[in-house]
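Residue strings, one per chain:
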Amino acid sequence: MAVVSTDDRTTVLAAEPFLPGDAVAAIEDALGALGATGGEGQLHRLVIPSLPVASVLTVGLGAPRDEWPADNIRRAAGVAARSLDKAQSVVTTLSVLDLGAAVEGLILGAYKFNEFRSAKTAPKESGLRKITALAADTKSATKASLKTQAERAAAIATAVATARDFVNTPPSHLFPAEFASRASALAQSAGLEVEVLDEKALAKGGYGGVIGVGKGSSRPPRLVRITYRGAPKSKGAKTVALVGKGITFDTGGISIKPAQNMHYMTSDMSGAAAVIATTVLAARLRLPIDVVATVPMAENMPSATAQRPGDVLTQYGGTTVEVLNTDAEGRLILADAIARACEDNPDYLIETSTLTGAQTVALGARTPGVMGSDDFRDRVARISRQVGENGWPMPLPDELKEDLKSTVADLTNVSGSRFAGMLVAGTYLREFVADGVQWAHIDIAGPAYNTGGPWGYTGKGATGVPTRTMFAVLEDIAVNG
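Quick notes on the rules
- Residues numbered from 1 in each chain as written.
- Predicted model: local features only at pLDDT ≥ 70, side-chain atom pairs only at ≥ 80, totals over all residues.
- Heavy atoms only, no water.
- Pairing = 2+ DSSP bridges.
- Helix = DSSP H or I, 4+ residues; strand = E, 2+ residues; numbered from the N terminus.
- Buried < 20%, exposed > 50% of the residue type's maximum accessible area, 1.4 Å probe, protein only.
- Contact = heavy atoms within 4.5 Å.
- Core = buried A, V, L, I, M, F, W, Y, C linked by side-chain atoms within 4.5 Å.
- Phe/Tyr/Trp six-rings, centres within 6.5 Å; stacked < 30°, edge-to-face > 60°.
- Lys NZ or Arg CZ within 6 Å of the ring centre and 35° of its normal.
- Axes fitted to C-alpha atoms, helices over the stretch in contact; angles between N-to-C directions.
- Parallel < 35°, antiparallel > 145°, perpendicular 65-115°, else oblique.
- Nonpolar A, V, L, I, M, F, W, Y, C, P; charged D, E, K, R; others polar.

A.B. asks: Sorry, what's going on with the sheet that holds strand S13 (residues 320-323) here?
C.D. replies: The strands making up a sheet associate through backbone hydrogen bonding, with each pair oriented either parallel or antiparallel. Across the sheet, which stays open at both edges, the 3 strands sit in the order S12-S13-S17 with mixed pairing between neighbours. Among the strands making up the open sheet, the edge pair consists of strand S12 (311-314) and strand S17 (411-412). With 2 bridges joining them, S13 and S17 adopt parallel strand pairing. Looking across to S17, one finds that Val321 is bridged to Leu411.

A.B. asks: Hey, could you run me through the environment of Ala472 in this one?
C.D. replies: Position of Ala472 among the secondary structure elements: in helix H13 (residues 467-480). Residue class for Ala472 comes out buried when judged on its relative accessible area of 12%. Spatially, the C-alpha atoms of Ala472 and Thr314 are 35 Å apart, while their sequence positions differ by 158 residues. Here Ala472 is in contact with Ile383 and Val387, once residues within four sequence places are set aside.

A.B. asks: Is there a simple way to think about the nonpolar core in this case?
C.D. replies: Here is a general trend for soluble globular proteins: nonpolar side chains tend to be buried in one another's company. Core analysis: the biggest nonpolar cluster contains 55 residues, and Leu242 and Ile276 have the highest contact counts within it. Here this core gets 10 residues from one element, more than from any other, and that element is helix H8 (residues 270-284). Contacts of Leu242, omitting those with residues within four sequence positions, involve Val275, Thr278, Thr279, Val291, Val292, Ala293, Thr294, Ile350, Met470 and Leu474. Ranked by size, the runner-up nonpolar core spans 41 residues in total, among them Val213, Val321, Leu400 and Trp439.

A.B. asks: Sorry if this is basic, but what is going on with the packing of aromatic side chains here?
C.D. replies: Aromatic ring pairs: the centre-centre distance and the angle between the two ring planes describe each pair. A full pass over the atoms with the stated rule returns 6 aromatic pairs. With a centroid separation of 5.3 Å and an interplanar angle of 45°, the aromatic rings of Tyr428 and Phe432 are classed as tilted. Since its relative accessible area comes to 0%, Tyr428 is described here as buried. Above the plane of the ring of Tyr111 lies Arg164, whose end atom (NZ or CZ) is 5.2 Å from the centre. Lying across the ring of Trp455, Arg366 places its NZ or CZ 3.7 Å from the centre.

A.B. asks: Quick question: what am I supposed to make of the packing of helix H5 (residues 176-189) against H8 here?
C.D. replies: Relative orientation and spacing of two packed helices are given, respectively, by the angle between their axes and the distance between those axes. Between H5 and H8, the shortest axis-to-axis distance is 9 Å and the interhelical angle comes to 10°. As judged from the angle between their axes, H5 and H8 are roughly parallel. Here Phe179, Ala183, Leu186, Ala187 and Ser189 of H5 lie close against H8, whose contacting residues are Ala272, Ala273, Ile276, Val280 and Arg284. Split into classes, the residues belonging to the contact of H5 with H8 amount to 8 nonpolar, 1 polar and 1 charged.

In structure tokens, the structure reads:
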């Protein structure tokens with residue numbers, strides 16, 4: 001038996017057989033008596049006296065397969081973790097099928113956000129603190145490889161949890177200046193370069209979109225730049241720009257949203273949260289590429305100083321925009337950030353945001369829409385599906401640009417049609433991407449925040465999407481260019 005300690009949370013045991021034969025028989029008999037079918041997510045709690053554990057939890061994986069997709073394992077582990085909310089230590093055999101997916105699923109499924117609960121409602125137990133994962137004892141499963149797999153999975157899950165924490169923090173406590181401060185502290189703890197532009201620097205630098213959106217709030221905007229330099233000095237190393245929308249709360253501004261469900265707009269900075277978490281993760285796992293994150297942050301409020309429908313602003317770089325709808329604010333701050341990010345001459349640009357309600361109309365609450373350069377868009381969407389975040393490629397028809405023509409400025413920020421809202425927003429953003437940069441936008445308006453019941457490794461509230469997608473794309477670029 002090989003024991004691999006990875007951190008305070010995860011231990012891997014490489015052993016064969018995994019369970020004694022009499023224990024396996026007892027589990028099978030008990031499941032038969034209960035009429036278990038093995039349906040996906042089906043749970044049964046058993047007491048098996050021959051095993052040195054308090055109880056055995058079985059979780060169904062669904063119809064039998066020759067090979068289980070990683071996300072099936074991840075979801076099953078998440079379901080198990082959510083049902084073990086009072087357990088502090090678990091031993092899992094799901095890791096025999098996929099070590100990394102099992103560890104990720106358990107950590108993400110066990111996630112809780114209790115920062116604002118008083119002693120009256122805060123759970124007395126601290127939650128899952130120790131995972132012991134059983135893995136196959138084979139020649140290829142060396143201590144080093146098992147340790148690497150478990151550490152990588154724990155780091156990814158921790159990054160997703162970091163994004164979730166940012167999003168779940170209410171806007172009373174996470175406004176632009178505070179968001180910038182927390183992002184800076186997190187990045188600096190990982191040894192990254194950080195630059196923060198306040199409202200004066202933004203005005204001086206010509207960031208008209210960020211300033212325009214933030215004008216209505218008493219809490220002024222910020223723009224945070226985080227740089228990770230991991231590329232070797234060899235020829236051909238890639239630079240990736242990441243951009244994420246950081247609207248810490250979105251009332252819609254003067255074009256105000258309906259009161260019903262407005263409280264969910266605490267999630268309108270989910271793109272920024274994912275970008276920050278992904279950049280720090282790239283540094284902690286030492287990816288051999290350069291990553292530069294540009295994160296605009298603002299609060300979109302109605303007031304005497306707020307921008308009005310019909311106002312004209314100048315985006316970073318000089319493009320003038322007639323603001324026909326102040327609730328289409330995300331594209332305004334993103335356009336500034338995209339134009340600035342392209343000045344770094346990146347090979348790739350990935351940006352993400354809760355861009356449009358039209359995304360949920362087109363694709364629902366769990367499927368991000370991916371727009372951008374055809375080849376890179378398809379690559380990002382494919383990788384997103386591989387990691388279980390389910391991105392789907394969407395077109396950007398050339399004729400939609402006609403709908404963004406203004407009578408008084410270079411562009412309008414919305415079209416006059418109610419159709420193709422997600423694609424219109426993508427078309428707008430495309431105007432600010434420099435020639436030669438391979439680009440993808442991930443619209444996560446629905447997938448960023450779960451307003452329904454928990455499922456798989458996803459609880460109610462922030463999901464952390466698309467942190468895992470962006471990191472997997474960075475890994476793919478590091479390997480394949």
